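Examining the three-dimensional arrangement
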2 protein chains.
Amino acid sequence: MAISKIQNIFGFFFLFLIAQNVFAQEHPSLILTKKGVSEIRAQLGTVPLFDQTLVTVKAEVDAEILHGIDVPIPKDYSGGYTHERHKKNFFIMQKAGVLYQITEEEKYAEYVKDMLLQYAEMYPTLPLHPQTRSYTRGKLFWQCLNDANWLVYTSQAYDCIYDYLSKEERKKLETDLFRPFADFISIQNPHFFNRVHNHSTWGTVAVGMIGLVMKDHKLIKRSLYGIKHDGIKPGDRDNDGGLIKKPGEKSGFLANIDEPFSPDGYFTEGPYYQRYAMYPYLIYAEALHNLKPDLKIFKYKNGVVLNSVNTLLNLTDTDGEFFPLNDGQKGMSYFSRELVFAVDAAYYYGGKRPDLLSIAQKQGEVTLDEAGFTVAKAIRDGLAAPISQKSAEYTDGPNGKQGGIGILRIQGSKDLLTLVMKYTAQGSSHGHYDKLSFSYYEGAKEIFQDYGLVRFVNIEQKGGGNYLKENSTWAKQTVAHNTVTQNETSHFGGDFDIATNHHSEKYVFDDSDPNIQIVSAKEHNAYTGTNMQRVMALIKDGNFENPFLLDLIKINSDKENQYDLPYYYSGQIISTNFKYETPKILAPLGTKNGYQHLWKTAEGNQPGGNAKFSWHNKERFYTLSSIVSPEDQLIFTKLGADDPNFNLRTDPGLMIRKTNTKDTFFVSVTESHGNYNPVTEIAHNSFSNIKNLKIIYSDEAMIAISIEPIKGEKKLFLFCFNDPSKESKHEIKINNKEYRWVGPYQLINNNN
Amino acid sequence: MAISKIQNIFGFFFLFLIAQNVFAQEHPSLILTKKGVSEIRAQLGTVPLFDQTLVTVKAEVDAEILHGIDVPIPKDYSGGYTHERHKKNFFIMQKAGVLYQITEEEKYAEYVKDMLLQYAEMYPTLPLHPQTRSYTRGKLFWQCLNDANWLVYTSQAYDCIYDYLSKEERKKLETDLFRPFADFISIQNPHFFNRVHNHSTWGTVAVGMIGLVMKDHKLIKRSLYGIKHDGIKPGDRDNDGGLIKKPGEKSGFLANIDEPFSPDGYFTEGPYYQRYAMYPYLIYAEALHNLKPDLKIFKYKNGVVLNSVNTLLNLTDTDGEFFPLNDGQKGMSYFSRELVFAVDAAYYYGGKRPDLLSIAQKQGEVTLDEAGFTVAKAIRDGLAAPISQKSAEYTDGPNGKQGGIGILRIQGSKDLLTLVMKYTAQGSSHGHYDKLSFSYYEGAKEIFQDYGLVRFVNIEQKGGGNYLKENSTWAKQTVAHNTVTQNETSHFGGDFDIATNHHSEKYVFDDSDPNIQIVSAKEHNAYTGTNMQRVMALIKDGNFENPFLLDLIKINSDKENQYDLPYYYSGQIISTNFKYETPKILAPLGTKNGYQHLWKTAEGNQPGGNAKFSWHNKERFYTLSSIVSPEDQLIFTKLGADDPNFNLRTDPGLMIRKTNTKDTFFVSVTESHGNYNPVTEIAHNSFSNIKNLKIIYSDEAMIAISIEPIKGEKKLFLFCFNDPSKESKHEIKINNKEYRWVGPYQLINNNN
């Protein structure tokens with residue numbers, strides 16, 4: 001007891017010393033530290049990946065030094081010259097600062113100094129950016145967000161050359177540039193700074209980073225806890241229609257950890273924005289770890305900042321590209337600079353997971369700091385272990401109680417099959433209205449795609465590189481996703497305020513059986529009076545070349561509705577087992593809620609039996625077999641109607657439509673089978689192995705689906721919709737035979 | 001003189017001896033020889049690529065032996081079981097025969113023997129194949145062509161196990177199977193056998209190969225020179241509408257060398273069919289070289305059989321995929337089995353070009369014969385030199401006087417740019433109506449594509465894997481290609497008989513200047529009363545990131561017409577400098593000649609200046625700048641109308657339409673510029689560098705085109721349309737300034 005007390009006192013005293021130390025700090029201390037830098041200097045030339053990165057970065061910065069400094073008067077949107085120039089400036093300054101520390105060559109410090117002085121010259125008289133699109137216009141850039149980016153990077157550059165500057169130079173920079181800059185993006189723009197949003201993460205981090213370098217308590221506090229009296233009115237919105245602030249919502253950096261991250265490290269806006277936000281979260285966490293260790297930032301909320309990197313890395317296809325949930329640009333991957341930084345930081349600060357080294361190896365570069373140096377040494381020393389992408393469920397919501405994402409992964413004969421089912425909360429202003437939707441991958445190929453966003457990021461010709469109108473009119477709408485739209489209206493009527501109060505409910509996630517992995521969730525609020533539950537299972541059966549996907553949706557409503565379930569496949573139609581008509585003239589499928597963007601390219605129906613639809617993509621065959629009634633319309637669609645600037649991809653889809661229906665099931669199986677090689681011209685296994693799919697029993701709580709293959713044994717899939725307990729016993733009688741099972745689902749052989 | 005005479009006599013005697021020897025031949029002697037085999041056996045285990053191929057082939061054949069023999073009653077089209085089984089049987093028999101020779105393991109000989117005896121059992125009572133689509137139905141397969149394939153491979157198997165068989169067994173096989181088989185595909189099917197066509201190449205080779213093994217003079221003669229009285233009527237046609245035989249046309253194997261090959265080794269049907277035909281040409285040539293050396297088959301027509309392999313290898317993009325001229329399936333490449341064989345043969349028999357070894361290395365396998373063995377040894381010994389793909393012109397027609405193909409290649413900042421211009425003869429029944437058309441590649445990416453064929457080769461669900469209706473209604477039509485259609489009617493009215501009597505005329509081909517490579521040709525017959533000339537140049541100018549393509553078409557007619565010039569680009573529209581309207585409802589652009597398949601997705605015009613059209617594809621930007629008048633319609637198209645089975649790809653196009661026009665020019669420049677990386681999200685050089693393109697002078701014979709860049713010096717392109725001589729002097733006066741040059745074209749700086 002006595003010892004413990006002494007320890008406590010000592011601990012307190014120690015913390016006090018550290019706290020003191022913050023404000024008698026040496027430089028650099030934000031990310032690089034004096035100690036770290038001297039270690040790096042001592043081992044230069046012995047750590048290949050680090051040395052290699054150093055060469056690349058030097059070459060890049062040297063070229064810029066040769067090219068000369070340009071600090072133009074801001075004018076353009078993203079993609080335009082002044083935007084790209086200022087953006088490049090902050091990247092290069094940060095790198096030059098680091099190079100100065102590592103190489104001790106003064107030219108790098110001088111370059112940063114000269115550029116900063118030019119900014120300090122310009123900034124005091126700089127008006128708002130002339131482009132007016134943003135809800136919070138910046139000064140260097142058209143939106144405060146980019147100004148905040150600038151400050152996050154530039155703070156590091158300033159820290160690196162702090163000691164190189166004279167006191168007068170520092171004073172000029174802090175007085176004319178950094179303090180007014182920090183105030184501008186915070187107290188002068190509370191709508192930008194004082195919310196929970198990736199914008200505000202950047203904003204708070206920018207203010208905090210420069211605060212730490214300048215030893216400015218007030219800025220650090222503002223950064224961590226937000227502004228008290230921000231004047232934001234309830235109902236104020238951003239450009240995307242996103243609510244700025246819910247009543248009583250906290251703000252500041254810590255609130256931006258609390259709220260968007262679930263305890264599992266899922267970031268509610270989705271992986272694309274998590275990737276974008278990852279950098280400020282981690283860079284500031286590192287700086288706080290170095291300069292305010294009393295905060296124990298890496299332990300905050302059970303270490304979610306570092307854990308979330310592991311979550312993000314698992315939200316990828318086999319090429320490392322992020323699932324484009326919500327607004328996500330396809331192609332963005334763990335090769336991005338943010339993830340290079342995140343992987344190195346997660347390794348160094350987060351328990352040295354050896355599989356992270358393999359990703360770093362693939363990335364082929366490391367950050368020029370202690371984290372990157374440690375990673376490069378570990379790779380040199382052969383510590384890397386293979387990358388593992390696993391089945392996993394990630395809850396959404398600050399407390400993990402707002403639905404989630406279910407990822408099922410199962411090895412096929414050639415590629416890893418990956419199902420991503422979404423049953424999250426709305427996901428803030430970048431959320432899409434797509435409850436219970438999914439995407440499905442074979443390796444890195446999309447079998448069923450999620451559209452992603454409608455935006456050509458940084459391509460000036462396409463609306464300045466910003467979100468395009470079709471992002472709202474198409475990409476966010478329910479019909480743009482592989483889920484059910486009722487009465488041609490999006491979930492929650494496409495109303496953000498309503499949507500943001502709701503989330504789907506997880507029901508079952510089980511990846512424990514090698515032969516069947518399953519995920520299920522419910523949605524009761526997307527349509528008033530209608531309850532939906534989706535069950536998706538990847539089933540392995542030796543008689544099929546690959547595991548197949550069973551997709552079951554149960555809908556119950558208090559009135560008759562039209563239900564549309566589209567499947568956005570990729571590839572070319574090979575065959576169907578039903579007749580369809582192709583129109584002479586193409587008309588849009590509807591007039592609003594995304595339907596206006598779909599050309600109806602054919603329509604058919606299946607008078608008896610399952611509807612089968614086969615297509616071919618990149619040398620592989622796929623078949624969807626679906627239980628339909630003769631009344632169900634089978635509609636072929638092609639995206640691209642009402643698209644006056646050709647902003648949309650022209651992807652195909654197959655939609656199953658049930659009209660005048662109250663309660664119903666959608667049931668289908670999707671197989672990946674065979675292949676076609678255009679060189680050998682051999683088509684192998686180009687036919688489906690599903691003979692018949694049938695609901696042989698259903699009541700309010702239970703269903704039994706018979707899956708009859710052409711080759712192999714008939715299977716019965718049994719499911720209970722209202723009791724997810726693993727212990728509960730169920731029993732149904734079909735044709736006088738009793739079936740008993742334990743837990744919400746069962747798959748059995750059934751040759752009756 | 002005396003010595004020479006003695007030599008002659010001796011030579012004659014020697015030939016006589018050889019001729020005798022043919023019919024006292026040992027086995028194997030067709031492709032493998034006793035001497036060659038013993039050399040191979042002696043060096044097994046020392047030649048990695050050969051040994052490796054042997055392991056692969058053994059594994060494949062061993063698996064088939066284990067699986068057991070199946071010789072089913074023929075029933076299916078290609079893609080169906082019996083078709084694929086018989087096809088596999090002949091491939092495996094040939095391989096098993098070779099394995100028997102190389103490994104001396106009897107199980108391989110026994111497998112071939114057992115299978116052949118089953119065929120001999122079945123064949124005598126076999127009726128015509130039940131599927132009726134072909135103009136010459138086979139017995140094992142739905143068309144004689146596949147039966148001929150069978151015999152070409154099986155002859156080799158028979159040769160390999162000849163000595164293993166008893167005399168009785170040989171007699172049974174020859175009486176019940178081989179002779180009736182050879183007669184069936186020749187004298188009983190003269191429409192198949194007795195023409196100049198890839199079908200007949202296979203047919204004559206099949207008959208000749210089995211004739212050589214069986215020492216059957218009559219069959220060999222029939223093979224080489226065709227059937228005298230074939231009963232083919234003038235005007236008889238095949239399934240594709242191709243004329244069987246022109247009056248007085250020769251037939252047999254030698255005629256099939258004479259006619260379809262130009263002296264440059266271009267095969268008139270195009271690379272896809274040349275690839276297919278290559279195997280029988282070469283295999284039979286090898287057999288004749290071994291067994292009838294007096295024929296000097298490898299010297300025949302200046303060695304065209306071997307030279308054509310080099311030509312074919314140059315008709316590829318940077319991935320080795322063949323340009324899909326005429327009916328060509330995209331994706332087919334020098335990785336095909338035919339090209340493995342062709343490359344090895346071309347190396348061994350054709351002068352041992354070291355760059356062929358690099359292709360063989362890429363192929364990763366060799367043929368299991370002396371040619372393959374020699375290639376593998378040369379690779380082992382480090383003799384391989386880099387693959388070279390060059391600019392080249394290949395004439396078409398038996399005498400090289402029927403136009404040709406011009407290929408221009410120039411290195412861009414990242415990739416090789418390749419222009420393929422077509423001004424050939426019709427190309428037999430697989431020809432398309434696309435005079436003066438072109439395709440354009442950046443590396444292996446299509447900037448402007450040729451559609452290729454409409455066929456899913458060997459995919460049973462798509463019309464049994466055969467040519468689909470849309471091949472005629474779309475792919476063969478002029479509007480499907482990047483060339484001019486007059487009055488919405490294809491060249492020659494789409495009439496094969498007329499088209500087949502004509503060809504375009506080459507005008508200029510010059511790849512000697514590193515800064516400008518040029519090709520030009522004329523077409524006077526595609527439309528009566530209309531003369532067209534196209535000039536295409538790849539121009540290198542340091543102010544452009546990449547060389548650009550200048551495209552100039554001169555049209556003169558005796559009446560007013562509508563001229564449509566489509567460009568089938570790949571990718572998504574980024575921007576235009578003109579306004580266009582997108583319709584609410586999509587209608588086809590026309591009613592026939594391919595136009596019925598094009599949806600009109602937008603239409604605009606450019607009231608002043610050039611029309612500029614930019615698109616983005618696979619991370620690269622492209623801009624087409626075109627001289628247009630305000631009256632020109634700029635039509636955006638999308639393929640896929642009138643396509644009831646979704647057989648067509650839905651590719652986009654931009655069409656420039658001039659109506660009510662007699663004489664005119666189409667002039668445009670296409671740039672490849674910049675790139676976009678979805679990971680860094682940086683768009684680099686995304687704008688065109690063309691400021692203005694203008695015809696500043698034109699008369700009947702001359703044109704001067706000013707090319708004014710945004711960055712860099714203005715250029716003047718001068719061209720003379722009616723005198724291709726390199727020595728001719730030309731002079732024009734523009735704005736009182738005189739321009740003089742020598743030869744048909746000149747590119748000069750022009751800053752006036």
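Residues numbered from 1 in each chain as written. Chains lettered and ligands numbered in written order. Predicted model: local features only at pLDDT ≥ 70, side-chain atom pairs only at ≥ 80, totals over all residues. Heavy atoms only, no water.

Per an unreviewed UniProt entry, chain A goes by Exo-oligoalginate lyase and derives from Chryseobacterium salivictor. The Subcellular location (unreviewed entry) comment attached to chain A in UniProt states, word for word, "Periplasm". (UniProt positions renumbered as here; feature names shortened; annotations may be inferred.)

**Examining the overall build of chain A**
When you go through chain A residue by residue, the secondary structure sums to 18 helices and 26 strands. Taking 27 Å as the expected radius of gyration for a compact globule of 752 residues, we find that chain A reaches 28 Å, a close match to that expectation. With the C-alpha coordinates of chain A rotated into their principal frame, the extents come out at 90 × 65 × 60 Å. Nonlocal contacts in chain A, meaning residues at least 24 apart in sequence, comprise 68% of its contacts between residues at least 6 apart. (Helix = DSSP H or I, 4+ residues; strand = E, 2+ residues; numbered from the N terminus. Rg over C-alpha atoms; globule rule 2.2 N^0.38 Å. Contact = heavy atoms within 4.5 Å.)

**Observations concerning the interface of chain B and chain A**
Taken together, the contact between chain B and chain A spans 52 residues of the former and 53 residues of the latter. Regarding the contact of chain B and chain A, the summed buried area is about 4,100 Å², with carbon and sulfur atoms giving 55% of it. Looking at the side of chain B facing chain A, the largest losses of area belong to Gln461(B), Phe646(B) and Glu681(B), adding up to 17% of the total buried there. Where chain B packs against chain A, one counts 0 salt bridges. Where chain B touches chain A, the interface holds 25 residue pairs in polar contact (both at pLDDT 80 or more). At the level of elements, helix H12 (271-291), strand S12 (572-576), strand S14 (598-605) and strand S17 (633-639) of chain B are the ones that each hand at least two residues to the side of chain B that touches chain A. Ranked by residue count, the leading element in the side of chain B that touches chain A is S12(B), at 4 residues. Classifying every residue of the side of chain B that touches chain A gives 26 nonpolar, 15 polar and 11 charged. (Buried area = accessible area lost by both parts, 1.4 Å probe. Salt bridge = Lys/Arg side-chain N within 4 Å of Asp/Glu carboxyl O. Polar contact = N/O pair within 3.5 Å; in protein donor to acceptor, adjacent residues only side chain to side chain. Nonpolar A, V, L, I, M, F, W, Y, C, P; charged D, E, K, R; others polar.)

**Here we look at the sheet that holds strand S26 (residues 745-749) of chain A**
All names here are of chain A. Spatially, 4 strands are ordered S21-S22-S23-S26 in an open sheet, and the strand pairing comes out antiparallel. Both edges of this open sheet fall to strand S21 (690-698) and S26, since each of them pairs with a single strand only. The mean inter-strand angle of the sheet, taken between neighbouring strand axes irrespective of direction, is 15 degrees. Pairing between S21 and strand S22 (residues 702-709): 7 bridges, direction antiparallel. When the bridges of S22 are listed, asparagine 692 appears paired with glutamate 708. (Pairing = 2+ DSSP bridges. Axes fitted to C-alpha atoms, helices over the stretch in contact; angles between N-to-C directions.)

**Observations regarding the packing of helix H6 (residues 144-161) of chain B against helix H9 (residues 198-214) of chain B**
Residues and elements named next belong to chain B. In the contact formed by H6 and H9, the axes pass within 8 Å of each other and the chain directions differ by 25 degrees. In terms of orientation, H6 lies roughly parallel with respect to H9. At the point where H6 passes H9, the crossing takes the left-handed sense. Taken together, the residues of H9 that come into contact with H6 (itself represented by Leu145, Ala148, Asn149, Leu151, Val152, Tyr153, Ser155, Gln156, Tyr158 and Asp159) are His199, Trp202, Gly203, Val205, Ala206, Val207, Met209, Ile210, Val213 and Met214. Tallied by class, the residues present in the contact of H6 with H9 amount to 14 nonpolar, 5 polar and 1 charged. (Parallel < 35°, antiparallel > 145°, perpendicular 65-115°, else oblique. Left-handed = near helix turned anticlockwise from the far one by under 90°.)

**Structural notes on the UniProt feature "domain: Heparinase II/III-like C-terminal" (unreviewed entry) in chain A**
According to UniProt, the positions carrying the feature "domain: Heparinase II/III-like C-terminal" (unreviewed entry) are residues 397-580 of chain A. In residues 397-580 of chain A, the share of helix is 6% and the share of strand is 43%. The end C-alpha atoms are 44 Å apart.

**What to know about the UniProt feature "domain: Alginate lyase" (unreviewed entry) in chain A**
Feature annotation in UniProt places "domain: Alginate lyase" (unreviewed entry) on residues 96-320 of chain A, given in this structure's numbering. Counted over residues 96-320 of chain A, helix gives 60% and strand 0%. Its end C-alpha atoms are 29 Å apart.

**Some points on the pattern of salt bridges**
Between side chains of opposite charge, pairing is possible as soon as their charged atoms come close. For the structure shown, the criterion picks out 76 salt bridges over all chains. Across the pair Asp62(A) and Lys107(A) runs a salt bridge, and its minimum N-O distance is 3.2 Å. With a gap of 45 residues between them, Asp62(A) in helix H3 (residues 48-67) and Lys107(A) in helix H5 (residues 106-122) connect regions that are remote in the sequence. Judged by relative accessible area, Asp62(A) falls into the partly exposed class, the value being 24%. Asp238(A) serves as the salt-bridge partner of Arg195(A), at 3.1 Å between the closest nitrogen and oxygen. One end of the pair, Arg195(A), is in the loop between helix H8 (190-193) and helix H9 (198-214); the other, Asp238(A), is in the loop between helix H10 (217-225) and helix H11 (253-258), and 43 residues separate them in sequence. Comparing Arg195(A) with Asp238(A), the two get one shared label, buried. One connected set of salt bridges, linked through shared partners, spans Lys58(B), Asp62(B), Glu105(B) and Lys107(B). (Buried < 20%, exposed > 50% of the residue type's maximum accessible area, 1.4 Å probe, protein only.)

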